[in-house]
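These are the residues of each chain, in order.
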Amino acid sequence: ELYLKGERIKNRMPGDAIERGIAMVPEDRKKDGLFLRLDVKNNILMSSFNKCRKGLSISKMLEEKYVDEYKGKLDIRASSPNQICKNLSGGNQQKVAVARVLNSDPEIIILDEPTRGIDVKTKSEIHRLMSALACTGKAVLMVSSELPEIIGMSDRVIVLHEGEMTGILSRSQATADKIMELAVATRRKEQNGGQ
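Residues numbered from 1 in each chain as written. Predicted model: local features only at pLDDT ≥ 70, side-chain atom pairs only at ≥ 80, totals over all residues. Heavy atoms only, no water.

Caption draft 1: How the structure looks around the overall build of the protein. Secondary structure assignment for the protein yields eight helices and nine strands. Once the C-alpha set of the protein is aligned to its principal axes, its extents read approximately 65 × 40 × 30 Å. The average position of the 32 basic charges and that of the 27 acidic charges among the side chains of the protein differ by 4 Å. (Helix = DSSP H or I, 4+ residues; strand = E, 2+ residues; numbered from the N terminus. Lys, Arg positive; Asp, Glu negative; His and termini not counted. Charge placed at Lys NZ, Arg CZ, Asp CG, Glu CD.)

Caption draft 2: Inspection of the pattern of salt bridges at higher detail. Following the criterion strictly, the structure yields 14 salt bridges and no others. Of the charged contacts, one joins K51 and D105 as a salt bridge, the two residues approaching to 3.3 Å between their closest N and O atoms. With K51 in the loop between α3 (40–45) and β4 (53–54) and D105 in the loop between α5 (90–102) and β6 (108–112), this pair connects stretches of sequence that are 54 residues apart. The residue K60 makes a salt bridge to E63 at a minimum N-O spacing of 3.7 Å. Of this pair, K60 and E63 both sit in helix α4 (residues 60–73), separated by three residues, roughly a single helical turn. You can call K60 exposed: its relative accessible area is 54%. By relative accessible area, E63 is classed as buried at 6%. Each member of the salt-bridge network shares a partner with another, and the members are D75, R77, K95, K121 and E125. (Salt bridge = Lys/Arg side-chain N within 4 Å of Asp/Glu carboxyl O. Buried < 20%, exposed > 50% of the residue type's maximum accessible area, 1.4 Å probe, protein only.)

Caption draft 3: Quick peek at α5. Across its 13 residues, α5 extends 19 Å between first and last C-alpha, which sits within 8% of the 18 Å expected from 1.5 Å per residue. The buried fraction of α5 amounts to 12 of the 13 residues, a majority that puts the element mostly inside the structure. The complete set of buried residues in α5 reads G91, N92, Q93, Q94, K95, V96, A97, V98, A99, R100, V101 and L102. Contacts from the buried residues of α5 go to β3 (22–25), α2 (29–33), α3, α4, β6 and α6 (120–135). (Expected span 1.5 Å × (residues − 1). Contact = heavy atoms within 4.5 Å.)

Caption draft 4: Looking closely at α4. Taking 1.5 Å as the rise per residue, α4 with 14 residues should run 20 Å; its terminal C-alpha atoms sit 20 Å apart, in good agreement. Taken together, the buried positions of α4 are L62, E63, Y66, V67, Y70 and K71. In a view along the axis of α4, the buried residues occupy a sector of 160 degrees, so they form one face of it. Facing away from the buried surface of α4 by more than 90 degrees, the exposed residues are M61, E64, G72 and K73. Contacts from the buried residues of α4 go to α3, β4, β5 (57–58) and α5. Positive phi shows up at D75, right after α4, with a value of about 50 degrees. (Arc of directions from axis to C-beta.)

Caption draft 5: Spatial organisation of the pairing of strand β7 (residues 139–143). Where β6 meets β7, five bridges bridge the pair, whose relative direction is parallel. The residue of β7 that forms the bridge with I109 is V140. A crossover connection joins β6 to the parallel β7 through α6; in handedness this β-α-β unit is right-handed. (Pairing = 2+ DSSP bridges. Right-handed = clockwise from strand over helix to strand, strands pointing away.)

Caption draft 6: How the structure looks around the packing of aromatic side chains. Under the definition given, this model contains zero aromatic pairs. Over the ring of Y66 we find K51; its NZ or CZ atom is 4.0 Å from the centre of that ring. (Phe/Tyr/Trp six-rings, centres within 6.5 Å; stacked < 30°, edge-to-face > 60°. Lys NZ or Arg CZ within 6 Å of the ring centre and 35° of its normal.)

Caption draft 7: Spotlight on the sheet that holds β7. With parallel pairing, three strands are arranged side by side in an open sheet as β3-β6-β7. For this open sheet the edge positions go to β3 and β7, each flanked by a neighbour on one side alone. Strand-to-strand, the axes of this sheet are offset by a mean angle of 15 degrees, without reference to chain direction. Together, β3 and β6 form the strand contacts of α5, whose direction differs from that of β3 by roughly 175 degrees. Those strands touched by α6 are β6 and β7, and its axis lies near 145 degrees from that of β7. (Axes fitted to C-alpha atoms, helices over the stretch in contact; angles between N-to-C directions.)

In structure tokens form, the structure reads like this:
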């Protein structure tokens, strides 16, 4: 179940979530996060073409404005906005996937394994961006299996085991030992016959 501002909501289609200000960068950027055969420009604008409308037509000037803004903010390295996404490096593909989500102006941003398979420099840039978003009042939910990333980035850690919440830790409580203890707590309980 999903609650937003105390109200239970159902998102039947991705557009429903986007209208409510909820956006997600999925774990598998190639399969679910990008249109690899489209260019950088169309990927960045995909979730927010309405922002570029002037009457019944699309404003090329607004398109350029938003593409340039996110290319700059995320330091997307592409030969041009017309470069096809499948020809970008993994780190730049991830940045384009993040830019697409941010360009929809979400209030709640879900990042599923945002730094998996990218280089250290890009990882640092994504972390810096996440912190900046949180400072502007956006809710940033990061799903990660990397303990150093969880401990270094999180204000609050919710530990799950097989879909069941096993604990909530504040930043000061979140140590590698405590997180691992909660992550395996359910398994131990099951092995001990539920005691």
